[in-house]
Amino acid sequence: MRKIIPMLCLAAVMGFSACSTDVDLYADYKEVPVVYGLLDARADTNYIKITRTFYAQGDAYTSAANPDSSNYPGKLDVRLVEYLNRDSIREIILDTITIHNKQPGTFYHPDQKLYYTAERLGQNTSKRKYSYRLKVALPSGELTSTTDLVGGPDFDVQSLAVNFSEEYIGTIRPFLFHPARNAAYYEFELAFTFKEQRTPDGDSVPRTFRWRVGSFDEEYLSTHLVDGSYAFRYRPDTFYEQLSAFIGGDTTTEGLKRYISDYPIEATITACGEELWRYQYINNAAAGFEMGYDEYGLIEGAVGVFSSRMTAKHKLRLAGETIPELVARPHWGFKFIGGE
């Protein structure tokens, strides 16, 4: 998601810097706000990025590297109106902050100006439903957008282990979780962390293999329950194939050792709101052209997205014969040491 907004700006920059003998592009150009904000009720701090498209005469990349091209001058009046069961209960004023770790790219870095609040957002329950309206006072007028808050305290991982035993090769295994309120779709990732020692007298360093298992929408998961629970599906053979590619297969260095702990797997489930799901779907090239969408945002008068998401994480064991079978692959160099 972090790459989408810059590409939208870049498309605007490149388009408006093109030459024409028929139209005065500078006179016809209209500045467009760019908004990117995903509210998370579990986060200590929530951030919203508000910038603008810009006209570039000459080298567009030079203009993009200048913060004044993308940022609005000074500090905008940015607020979140909180609704509980559709009743407005408070208004949160956002302040500005500058982050200093933006990775190099087309646009200015490493500093970036964001709007933020450290006020804790509400927690959905069966009787309490929160939503938020973003209000931005721009030089051209007020910009607003609304989203339902995703998740609640009951959104969490249910399965306590994953099983990649060879007896399940060629099968599909379930991974259970408790769903999030107001979620439109979910993404599932497993991260396998181990310590690697490349020489007998060298230090062991942690390495993490990340496996993006897949994403599923709410409708599919709610109609394909496993024992009454929401469930992702994963293939043990896919885990071994991708892990082999990550560590270099059977071509490991002689004497290399890799150490596995009791809880080497971390499961991450991200629940995403309706607006975020639609935004990703519209901005997918194949889906967008097929469906005939000609816009790249869901905020009236702006491009970008204002939505909500929540993440559930949990440390897991490797169940069944997974660890003995990993250790039994001598060329991979795995050893079980237990502990964290």
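Residues numbered from 1 in each chain as written. Predicted model: local features only at pLDDT ≥ 70, side-chain atom pairs only at ≥ 80, totals over all residues. Heavy atoms only, no water.

A. Up close: the sheet that holds strand β3 (residues 77–84). Sheet architecture is open: four strands sit in the order β4-β3-β7-β8, paired in antiparallel fashion. In the strand order of this sheet, the two ends are held by β4 (87–93) and β8 (141–148), each with one partner. Each strand of the sheet is rotated relative to its neighbour by a mean of 20°, with strand direction disregarded. As paired strands, β3 and strand β7 (residues 130–138) are joined by eight bridges and run antiparallel to one another. Looking across to β7, one finds that Val-81 is bridged to Arg-133. (Pairing = 2+ DSSP bridges. Helix = DSSP H or I, 4+ residues; strand = E, 2+ residues; numbered from the N terminus. Axes fitted to C-alpha atoms, helices over the stretch in contact; angles between N-to-C directions.)

B. Just the pattern of salt bridges, in detail. One pass over the structure, following the stated rule, counts 17 salt bridges. Among the salt bridges present, the one from Lys-75 reaches Asp-95, with a minimum N-O distance of 2.8 Å. Taken as a pair, Lys-75 in the loop between α4 (67–70) and β3 and Asp-95 in strand β5 (residues 95–99) lie far apart in primary sequence, 20 residues in all. In this structure, the salt-bridge partner of Glu-91 is Arg-79, at a minimum N-O distance of 2.8 Å. Placement of Glu-91 in strand β4 and of Arg-79 in strand β3 is noted, with a sequence separation of twelve residues between them. The partly exposed category is assigned to Arg-79, whose relative accessible area is 24%. The structure contains a network of salt bridges with shared partners spanning Asp-77, Arg-79, Glu-91 and Lys-135. (Salt bridge = Lys/Arg side-chain N within 4 Å of Asp/Glu carboxyl O. Buried < 20%, exposed > 50% of the residue type's maximum accessible area, 1.4 Å probe, protein only.)

C. Fine view of the confidence of the model for the protein chain. Chain-level pLDDT for the protein chain is 85 on average; 82% of the residues reach the 70-or-more range. Every residue in residues 1–27 is under pLDDT 50, and counting partners more than four places away or in other chains gives 38 contacts. When the criterion is pLDDT under 50, residues 285–296 qualifies, and its contacts beyond four places in sequence or with other chains add up to twelve contacts. (pLDDT = per-residue confidence, 0-100. Contact = heavy atoms within 4.5 Å.)

D. Expanded view of the pairing of strand β2 (residues 46–52). Of all seven residues making up β2, five are buried, and the element is well covered by its neighbours. In sequence, strand β1 (residues 33–39) turns back onto β2 through a hairpin of six residues.

E. The sheet that holds strand β9 (residues 156–157), seen in detail. The antiparallel open sheet is built from three strands, whose spatial order is β9-β11-β14. Looking at strand neighbours, the two that pair on one side only are β9 and β14 (230–234), the edges of this open sheet.

F. How the structure looks around the nonpolar core. Membership of the largest hydrophobic core comes to 62 residues, with the highest contact counts inside it found for Phe-175, Tyr-186, Leu-190 and Phe-192. Filtering out sequence-adjacent residues up to four positions away, Phe-175 remains in contact with Val-157, Ser-159, Ala-161, Val-162, Phe-188, Tyr-230, Ala-231, Phe-232, Tyr-234, Ala-267, Ile-269 and Leu-316. (Core = buried A, V, L, I, M, F, W, Y, C linked by side-chain atoms within 4.5 Å.)

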